[in-house]
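Chain by chain, the residues run as shown.
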Amino acid sequence: MQQISDKASSAIREIFGTDKALIGMIHCPPFPGAPRYRSAAMDSIYDTCMRDAEALVKGGIHGLIIENHGDIPFSKPEDIGHETAAFMSVVTDRIARAVGVPLGINVLANAPIPAFAIAMAGGARFIRVNQWANAYIANEGFMEGRAAEAMRYRSLLRAEHIRVFADSHVKHGAHAITADRTINELTRDLAFFDADVVIATGQRTGNSATIEEIEEIGAATHLPLLVGSGVTKDNIVEILKRTNGVIVASSLKEGGVWWNPVEPARVAAFVEAAKPGLEA
């Protein structure tokens, strides 16, 4: 393929020290200010996040993404309060000091600017952004890519070392706005706007991207490719044959649902199942 950006394609190896990475999710409980927050003590919230982080890392996961998934329904970027960044920075700092693996930040919905601030404050190595370029209709309404303002903010922070992991054809939304452009073109736009890693997803949390979509996105970019939804011990090897790693969440939780605690036995089984794909 023609390379349309001068970005090097080494972000996964640079961050994780391996060519294929297993990245777990920390789904934070609702923070103060979110509709589902019910006056839980902050130490209780932090302890919940720490428990999941320790279980994932002890089980062999290479890195973690910290996400405000409990803040449902998610606000648009301009409506996210400063309290979210404050609480997530504390979570990130505590986990970073305890577990010693690379961390990423995802602020929902689609908020790279507070994500960069949190990553800088807490020592995270990357952020995840669901819509980096172009636009789509999300659960929250019209959602446009924020690469231009986010990259200028990163420069203001002198945070060029914090990398950008960006979704292609992101889940939880409709893409009719860009229906006249192929997934190949939309994926190439991520590199053009200086993303470092591309993520393929399914239609919603826990839903797997198809092998055909993974291959289509992978063929469109020279950047490392991750799968960010629906990864299980049953499909991990086939996915790793085609990618540089995965972001895994629901299948490592009790009962296989995202809001439950991480189950150590599920983590161990997943990492064991992934070994042939990691070693290939």
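The model shown is predicted, which means the values in this text are computed figures rather than measured ones. (Residues numbered from 1 in each chain as written. Predicted model: local features only at pLDDT ≥ 70, side-chain atom pairs only at ≥ 80, totals over all residues. Heavy atoms only, no water.)

## Let's talk about the pairing of strand β7 (residues 163–168)
Burial runs high along β7: 6 of the 6 residues are buried. With burial as the criterion, each face of β7 is covered, one bearing Arg-163, Phe-165 and Asp-167 and the other bearing Val-164, Ala-166 and Ser-168. In this sheet, β7 lies alongside strand β4 (residues 126–129) in parallel orientation, the contact comprising 4 bridges. Within β7, the residue paired with Ile-127 across the bridge is Val-164. The pairing of β7 with strand β9 (residues 197–200) spans 4 bridges and is classified as parallel. Counterpart to Asp-167 in the pairing with β9 is Ile-199. (Buried < 20%, exposed > 50% of the residue type's maximum accessible area, 1.4 Å probe, protein only. Helix = DSSP H or I, 4+ residues; strand = E, 2+ residues; numbered from the N terminus. Pairing = 2+ DSSP bridges.)

## Notes on helix α6 (residues 183–192)
When we look at burial in α6, the residues that qualify are Ile-183, Leu-186, Thr-187, Asp-189, Leu-190 and Ala-191. For α6, the secondary structure elements touched by its buried residues are β7, β9 and α7 (211–219). Asp-194, located one to two residues past α6, shows a positive phi value of around 70 degrees. (Contact = heavy atoms within 4.5 Å.)

## Re the sheet that holds strand β8 (residues 173–174)
Sheets are built from strands paired through backbone hydrogen bonds, the pairs being either parallel or antiparallel. Strand order in the open sheet formed by 3 strands is β6-β5-β8, and the pairing between neighbours is antiparallel. Across the chains shown, the open sheet's two edge strands, defined by having one partner strand only, are β6 (141–144) and β8. Here 2 bridges tie strand β5 (residues 135–138) to β8, and the two strands are oriented antiparallel to one another. Residue pairing across strands places Ile-137 opposite Ala-174, the latter belonging to β8.

## A short note on the nonpolar core
In this structure, Ile-61, Leu-64, Ile-95, Ile-105, Trp-132 and Phe-270 are the most contacted members of the largest nonpolar core, which totals 66 residues. In terms of residues, this core owes the most to one element, helix α2 (residues 42–58), which gives 7 residues. Ignoring sequence-local partners within four residues, the contact set of Trp-132 consists of Pro-112, Gly-145, Arg-146, Ala-147, Ala-150, Met-151, Val-164, Ala-166, Leu-190, Phe-193, Asp-194 and Ala-195. Listed in part, the 15 residues of the second largest apolar core include Ala-11, Phe-16, Met-25 and Ile-65. (Core = buried A, V, L, I, M, F, W, Y, C linked by side-chain atoms within 4.5 Å.)

## Re the pairing of strand β3 (residues 103–106)
By the alternation rule, side chains of β3 split into Leu-103 and Ile-105 and Gly-104 and Asn-106, which are all buried. Note on the crossover from strand β2 (residues 63–67) through helix α3 (residues 82–99) to β3: the handedness is right-handed. One ladder, built from 2 bridges, connects β3 with β4; its direction is parallel. Bridge pairing in β4 places Gly-104 opposite Phe-126. Handedness of the β-α-β unit built from β3, helix α4 (residues 112–122) and β4 comes out right-handed. (Right-handed = clockwise from strand over helix to strand, strands pointing away.)

## So, the packing of aromatic side chains
Tallied over the full model, the rule gives 5 aromatic pairs. Between Phe-126 and Phe-165 the ring centres are 4.1 Å apart and the planes differ by 15 degrees, which places this aromatic pair in the stacked class. Of the two residues, Phe-126 is situated in strand β4 and Phe-165 in strand β7; the sequence distance between them amounts to 39 residues. Taken together, the ring pairs in this structure connect Phe-16, Phe-126 and Phe-165 into an aromatic cluster. (Phe/Tyr/Trp six-rings, centres within 6.5 Å; stacked < 30°, edge-to-face > 60°.)

## Things to note about the environment of Val-197
Tracing the chain through its elements places Val-197 in strand β9. For Val-197, a relative accessible area of 0% gives the class buried. Beyond its immediate sequence surroundings of up to four residues, Val-197 is in contact with Ala-11, Ile-12, Val-164, Phe-165, Ala-166, Leu-223, Pro-224 and Leu-226.

## Let's talk about a nonpolar patch on the surface
A contiguous nonpolar patch, built from Ile-137, Phe-142 and Ile-177 and spanning about 260 Å² of accessible area, is present on the exposed surface. Residue position: Phe-142 is located in strand β6. Judged by relative accessible area, Phe-142 falls into the partly exposed class, the value being 43%. (Patch = residues over 30% accessible without salt bridge, like charges linked within 9 Å, V, L, I, M, F, W, Y side chains within 5 Å. Areas by Shrake-Rupley, 256 points an atom, 1.4 Å probe, with all protein chains shown as cover. Salt bridge = Lys/Arg side-chain N within 4 Å of Asp/Glu carboxyl O.)

## Focus: α7
Of all the positions in α7, only Glu-213, Ile-214 and Ile-217 are classed as buried. Projection of α7 onto a plane perpendicular to its axis shows the buried side chains occupying an angular sector of 100 degrees, all on one side. Among the structural elements, β7, α6, β9, β10 (225–227) and α8 (236–240) are those in contact with the buried residues of α7. (Arc of directions from axis to C-beta.)

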